[in-house]
Amino acid sequence: MDELFETLSSFSEDEEDSEYEDDLEDFALLLLIRSRMRRRKNRNIWTHAVRTEKHRKQCGVYHTLLPKLTDEQFKHYLRTTRTEFEEIHDYIKDDLKKQDTRFRLAISSKHRLAICLRFLASGETFRSLSFHFRLGESTVSIIVKEVCDAIWHRMANEYLPILSVKDWEDKAAEFKMRWRFPNCLSSIDGKHITIKKPTRSGSEYYNYKKSFSIVLLAGVDANYKFTFIDVGVKGRFSDGYTFAQSNFGKRLISNQLNIPSPTKIEPGGDEMPFVFVADAAFPLSENLMRPYPGTSTKSDIPNRIFNYRLSHARQTVECAFGILSARFRIYQRPLEFEPRSVEAFVKSTCVLHNYLRTKSISFEHELEEIPNVDFEDPHNQLIDVPSTKARSARKAYLIREKLKNYFINVDPIPYQEQAVRNGKY
């Protein structure tokens, strides 16, 4: 290169025209760039040896472990039976197909589904899954998000649909039969899903538990299946704001939920509206029942009986969250992803929960396989929404009074009074 510059310099000295000098400078620059490009080392490998297609088939979990698992082990590993796995795959396979190239074969749609289900079931990091399945960490990340989106896109309309008037009437009939609460459409509750602090988010996601979260608001029917979900509200907002800003809250207030017309809950009685049951975190309204506050239950047995019966009906939503958290272990630790990715994970798990509840034989059989979840466990990342002190309309109080009288005089549970006298509710 030094000789080159000396030659160019001597050449430029002999030229009197400045145009030649400019051309020589450009020529010198091109030669310099070319020499540096030659020094650049060629890429030795396309991918690491442990992540090649050959090594993936020899040592990867999908090709070596899954085919050898018993049916019971397979269900514990992916939280689905082999039959359920195939059915889920049939729903989403068209969204997961990729084209083979001359350089490499595409990862199959079943392989992609197995990676996603293992992530949801175990809560493992993408790096850990990349070693198990012999794939790149970024590849695992892309696959999980694509599969979650496909599950929501292809299965939500069937397993988490918008309910019609007839659907709500059927839900209410099931609630009355199983939980002895008339005109009840669903039990609802909200949980904070703990996440890692998003980049440059300040305190937007900072909640009352001094962690960062987004809120999952959900309704659950008498068979522990979600009737609706609303996820994504930032954790810093108050419970009243969360409810008001949720799609469910807006549709309930504007009467767009296809709620059936009021009906009688006893012969000769007044027509009563259909209601959702909730805890103290939600405001009392004509279609939303919450318990009596503690100040009015200290010496009032009838009020405590109403709280007991409402809490009895609300067991469905608590059990549903417990099953969701126990089956999908991603909820057992803070989710270190962007909020939009967390929303996709939550939506897919809720749809899969409904699908698996539809396929399961009984709730008792399911509980034998899934351990109980303690919501006070510091490792559990589903946190209760705090109570609200919002004022309610006069008519809502009258509806709650009529339901209280119904529980005491029309359809009492034999042990309800003894239970509240023993200190419950």
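Since this is a predicted model, take the numbers as computed values, not measurements. (Residues numbered from 1 in each chain as written. Predicted model: local features only at pLDDT ≥ 70, side-chain atom pairs only at ≥ 80, totals over all residues. Heavy atoms only, no water.)

Caption draft 1: Main features of the pairing of strand 2 (residues 212-220). Strand 2 sits mainly inside the fold: nine of its nine residues count as buried. With nine bridges joining them, strand 1 (residues 184-195) and strand 2 adopt antiparallel strand pairing. Bridged to His 192 within strand 2 is Val 215. Relative to strand 3 (residues 226-234), strand 2 runs antiparallel, the two sharing seven bridges. When the bridges of strand 3 are listed, Leu 217 appears paired with Asp 230. Turn length for the strand 2-strand 3 hairpin, with the two strands adjacent in sequence and antiparallel, is five residues, and the turn residue Tyr 224 shows positive phi of about 70 degrees. (Buried < 20%, exposed > 50% of the residue type's maximum accessible area, 1.4 Å probe, protein only. Helix = DSSP H or I, 4+ residues; strand = E, 2+ residues; numbered from the N terminus. Pairing = 2+ DSSP bridges.)

Caption draft 2: Inspection of the nonpolar core at higher detail. Leu 66, Phe 119, Leu 120, Val 144, Phe 226 and Phe 345 are the most contacted members of the largest nonpolar core, which has 63 residues in total. The greatest single-element share of this core, amounting to 10 residues, is contributed by helix 9 (residues 137-159). Leave out the neighbours within four places in its chain, and Leu 66 touches Val 61, Phe 74, Tyr 77, Leu 78, Arg 82 and Ala 114. Counting 21 residues, the second largest nonpolar core, distinct from the first, contains Cys 184, Ala 222, Ile 265 and Leu 310. (Core = buried A, V, L, I, M, F, W, Y, C linked by side-chain atoms within 4.5 Å. Contact = heavy atoms within 4.5 Å.)

Caption draft 3: Region of the structure containing the side chain of His 353. Within the secondary structure, His 353 is located in helix 14 (residues 339-359). Taking the relative accessible area as the measure of exposure, His 353 reaches 0% and is therefore buried. Polar contacts involving the side chain of His 353 include one to the main-chain carbonyl oxygen of Tyr 224, which spans 2.8 Å. Excluding its chain neighbours within four sequence positions, the residues that come into contact with His 353 are Tyr 224, Lys 225, Phe 226, Ala 320, Ile 323, Leu 324, Arg 327 and Phe 328. (Polar contact = N/O pair within 3.5 Å; in protein donor to acceptor, adjacent residues only side chain to side chain.)

Caption draft 4: Seen up close, the packing of helix 7 (residues 109-122) against helix 9. One can describe the packing of helix 7 onto helix 9 by two numbers: an axis separation of 9 Å at closest approach and a directional angle of 90 degrees. One element, helix 7, and the other, helix 9, form an angle in the roughly perpendicular class. Here helix 7 contributes Arg 112, Leu 113, Ile 115, Cys 116, Phe 119 and Leu 120 to the contact with helix 9, which in turn contributes Val 140, Ile 143, Val 144, Glu 146, Val 147 and Cys 148. Taken together, the residues of the contact of helix 7 with helix 9 break down into 10 nonpolar, no polar and two charged. (Axes fitted to C-alpha atoms, helices over the stretch in contact; angles between N-to-C directions. Parallel < 35°, antiparallel > 145°, perpendicular 65-115°, else oblique. Nonpolar A, V, L, I, M, F, W, Y, C, P; charged D, E, K, R; others polar.)

Caption draft 5: Focus on the packing of aromatic side chains. Following the criterion strictly, the structure yields 22 aromatic pairs and no others. An angle of 55 degrees between the planes, with centres 6.1 Å apart, marks the rings of Phe 226 and Phe 321 as tilted. Taken together, the residues Phe 226 in strand 3 and Phe 321 in helix 13 (residues 301-327) connect sequence positions 95 residues apart. Comparing Phe 226 with Phe 321, the two get one shared label, buried. Taking the centre distance of 6.5 Å and the plane angle of 90 degrees together, the rings of Phe 228 and Phe 276 count as edge-to-face. Residue Phe 228 is found in strand 3, and its partner Phe 276 is found in strand 6 (residues 275-277); the two are separated by 48 residues along the sequence. In this pair, the class of Phe 228 matches that of Phe 276, namely buried. Seen from the ring of Tyr 77, Arg 118 lies directly overhead, with NZ or CZ sitting 4.0 Å from the centre. (Phe/Tyr/Trp six-rings, centres within 6.5 Å; stacked < 30°, edge-to-face > 60°. Lys NZ or Arg CZ within 6 Å of the ring centre and 35° of its normal.)

Caption draft 6: Inspection of the state of the cysteines at higher detail. For the structure on display, the rule yields zero disulfides. Cysteine Cys 116 is unpaired, with the sulfur of Cys 148 as its nearest cysteine sulfur at 3.7 Å. (Disulfide = S-S within 2.5 Å.)

Caption draft 7: Region of interest: unusual backbone geometry. Phi at Arg 134 takes a positive value of approximately 60 degrees, unusual for a residue other than glycine. With respect to the element layout, Arg 134 can be found in the loop between helix 8 (126-133) and helix 9. Even without a glycine there, the phi angle at Asn 258 is positive, about 60 degrees. When you line up the elements, Asn 258 lands in the loop between helix 12 (247-253) and strand 4 (263-264). What makes Asn 258 partly exposed here is its relative accessible area of 34%.

Caption draft 8: Here's a closer look at the pattern of salt bridges. Tallied over the entire structure, the rule returns 24 salt bridges. The partner of Arg 82 in a salt bridge is Asp 71, and the shortest N-O contact between them spans 3.0 Å. A residue pair is termed long-range when its members are at least 10 positions apart, and Arg 82 in helix 6 (residues 82-96) and Asp 71 in helix 5 (residues 71-78) qualify at 11 residues. In this structure, Glu 87 engages Lys 359 in a salt bridge whose closest nitrogen and oxygen atoms are separated by 3.4 Å. On the criterion of sequence distance, the pair formed by Glu 87 in helix 6 and Lys 359 in helix 14 is long-range, its members being 272 residues apart. Its relative accessible area of 38% is what places Lys 359 among the partly exposed residues. (Salt bridge = Lys/Arg side-chain N within 4 Å of Asp/Glu carboxyl O.)

Caption draft 9: Representation of the environment of Arg 112. Note that Arg 112 resides in helix 7. Taking relative accessible area as the criterion, Arg 112 reaches 9% and is therefore assigned buried. Separated by 35 residues in sequence, Arg 112 and Val 147 place their C-alpha atoms 7.1 Å apart. With residues near it in sequence (within four places) discarded, Arg 112 still touches Leu 96, Lys 98, Ile 107, Ile 143, Glu 146 and Val 147.

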